[in-house]
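Spelled out from the first residue to the last, the chains are:
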Amino acid sequence: MPENKFLKDARLIPQKLKLEGDSLRFTIKGTIPIESVFSPKNPKVLVLFQSPTFKLELGEIELKRTVSNYGYEKKFSLKFEPWMLEGSLELLFFQGKKVVQVPFENAVLAKGVIAPQLMVKLGEVYPDEPIPVVGLYITTGSLDKEIIQKEEFLLGFDLGSSSFKANQANSETLNGLDQFLERNPDVQQIRITGIQSPESGEGKNSSLGMSRAESARKVLLSRISSVSESDLKVNSRWNDWFDLRLLLRDYKGISTNRKDELYAILMNQETYLEQSERLKKVPGFSQVAQDLYPLLRVAKIEITAKPTMGLNMEQSIRLKEALANRSMVTDLSFADWVLAAEASQSLDEKAAIYSKMTELFRSALPYNNMAVVRIRQAQRTLDRESREVLWDEALRLLEQAYRIEPNPHTLHNQGQILAFRGAYWDAYQKLSTASTLTQNPDFIQHNEALRGALDVLRGDYRLATLRFDYKFTDPKDYFNKGLAYYLLGDYVNSNIAFEESVVNGRDFGYGYYGLAMIAAASGQKEVAVIQLKKAIQSNRQLADKAFLDPIFDELRESQEFFSELSTK
């Protein structure tokens, strides 16, 4: 397109559209030259915001004539609409006495909207992504039996060695591992990562870390008969400061300011050796190395498992008979019915059990849990109308549960449905009330995680970071935490949270996307492209967003961006 003559001075302030709260606020400013060659006749400037599906005319901007030009400046405040993410803000210049539809000149001031807060995860389902676990069952015990448990264990090694030693520390670790598996015998995954410290006695290549992982693997295979070799995922880390950053978080041997200085070095995207030299120059780092480096001579074992439970054969037969007839009498106790429902892996079977329980027992539990089943069934349908029907039924069940007995689980589940429907403030109120009704740590953690996600959408990022002050197992919660810190401009803590998201779910992909956002904001273009590539390889749903996100406008100016991210 030919270069603009009259709109060449048009400016958008700030330079990119950014979502703040629920609005877009910006100023359009510029001048139109008055010269003998370019003198405009009856000039008029209009503002247009349009996308492939929607067009919003923002009206005319008043022109003020001076000796050498027409000046214009106007502030705008628009309520955000989702279509704006794919829209463009344009300035249209008309001149002449005749009314025409086609502008004399056109200037695109911005494409898309910077709105990372809209990536926050509330439990929605997206194509080709795992279905998130949402809704909270009321259970008979203090532990929600359906929640997958995750625990980390560290086996220590001598300097430069990969030989396992049955010392007191390792024996205590293995005893703890045994106890965890007794409580959670249904093993989902075991991941072993061999780690070596930066000490000179630890070797010059990655073989030591892998050897440590292999030693740990042999120990586990000899100890856990139910686990096959294929269930053990083995890898190693070397020339990577990730594990040191994790240790630094809880280290009390240096001041907060000195710790921030170390974090800045560990995240400055220099090479490993360059960072190592910088760390040595920080006052007090020799003590940090002395205290923390030995803790990196380990094999890290991450176990994901679930408890197993259920009725015995005789009880199962009686349950089946009770479900098949209309009798209002049962030989099974209330706890037996709950146990049967919790043990079932089928939502339809759970629904049948909880439905029968509403006939047999006056309790909030079956109504609440039946509602959770409906919420999760809604997640498994792509039809919006069917989801709404299931949500409506769930809300009716939850109202009945709360009438029988006010309880936090019912309020949490109501809040979850309201969040799905976009009624964020109403959802927030439900969750806030729920938090006052119990001190159960498992419940509080799940409730606060959802409240924190809503805080991000509400723009209260500082409060959101407080909500996420837990050790999570779900990568989406760490991603939401990273978003809160990113939107505060706290890239150190944001980076830590995004890395935790990656560690807890590499296939999730969003953690890598968050790391790419930080790299782009820090001017590290090559690092940003690398992280985006990892994000897309992990989750193809992120490809379209990466190619449109204004955060990466500068990256898209290079051919490397397209060549790297277009590869499968």
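Here, every reference points to the structure presented above.
Rules behind the numbers
- Residues numbered from 1 in each chain as written.
- Predicted model: local features only at pLDDT ≥ 70, side-chain atom pairs only at ≥ 80, totals over all residues.
- Heavy atoms only, no water.
- Core = buried A, V, L, I, M, F, W, Y, C linked by side-chain atoms within 4.5 Å.
- Buried < 20%, exposed > 50% of the residue type's maximum accessible area, 1.4 Å probe, protein only.
- Helix = DSSP H or I, 4+ residues; strand = E, 2+ residues; numbered from the N terminus.
- Contact = heavy atoms within 4.5 Å.
- Pairing = 2+ DSSP bridges.
- Axes fitted to C-alpha atoms, helices over the stretch in contact; angles between N-to-C directions.
- Parallel < 35°, antiparallel > 145°, perpendicular 65-115°, else oblique.
- Left-handed = near helix turned anticlockwise from the far one by under 90°.

Draft legend 1. Spatial organisation of the nonpolar core. Of all hydrophobic cores here, the largest spans 50 residues; its most connected members are Leu454, Phe498, Tyr513, Met517, Leu532 and Phe552. Among the elements that take part in this core, helix α18 (residues 510-521) stands out by supplying eight residues, more than any other. Apart from residues no more than four positions distant in its own chain, Phe498 is found in contact with Phe479, Gly482, Leu483, Tyr486, Gly511, Gly514, Leu515, Met517 and Ile518. If you look at the next biggest cluster of nonpolar residues, it comprises 36 residues, including Val338, Ala341, Leu365 and Ala378.

Draft legend 2. Main features of unusual backbone geometry. The linkage connecting Ile13 with the following residue, Pro14, adopts the cis geometry, with an omega of -5 degrees. In this fold, Pro14 is placed in the loop between β1 (11-13) and β2 (19-20). Unlike most non-glycine residues, Asn42 shows phi in positive territory, near 50 degrees. Its place among the elements puts Asn42 in the loop between β3 (23-33) and β4 (44-50). With a relative accessible area of 48%, Asn42 lands in the partly exposed category. A positive phi angle, close to 50 degrees, is found at Asn239, a residue other than glycine. Mapped onto the elements of the fold, Asn239 is located in the loop between β12 (232-237) and α3 (242-250). The exposure class assigned to Asn239 is partly exposed, which follows from its relative accessible area of 36%.

Draft legend 3. Just the side chain of Asn480, in detail. Within the element layout of this structure, Asn480 appears in helix α16 (residues 475-488). Excluding anything up to four places from it in sequence, Asn480 contacts Val120, Lys121, Ala453, Val456 and Phe468.

Draft legend 4. Examining the environment of Arg249 more closely. If you trace the backbone, Arg249 turns up in helix α3. In contact with Arg249, other than residues within four places in its own chain, are Lys259, Tyr263, Ile496 and Glu500.

Draft legend 5. Structural context of the sheet that holds strand β9 (residues 105-111). One open sheet holds the four strands; their spatial order is β5-β4-β8-β9, and the pairing between them is antiparallel. The sheet is open, and its two edges are formed by β5 (55-61) and β9, each paired on a single side. Put simply, the sheet's adjacent strands are angled 20 degrees from each other on average, direction ignored. The pairing of strand β8 (residues 88-94) with β9 spans six bridges and is antiparallel. In the strand pairing of β9, Leu89 is matched with Ala110.

Draft legend 6. The packing of α3 against helix α4 (residues 256-266), seen in detail. Packing of α3 against α4 leaves a shortest axis separation of 11 Å and a crossing angle of 165 degrees. It follows from the interaxial angle that α3 and α4 lie roughly antiparallel. Our pair here, α3 against α4, has a crossing hand that is left-handed. Of α4, the residues touching α3 (which contributes Arg245, Leu248 and Arg249) are Lys259, Leu262, Tyr263 and Leu266.

Geometric values such as these leave the question of function open.
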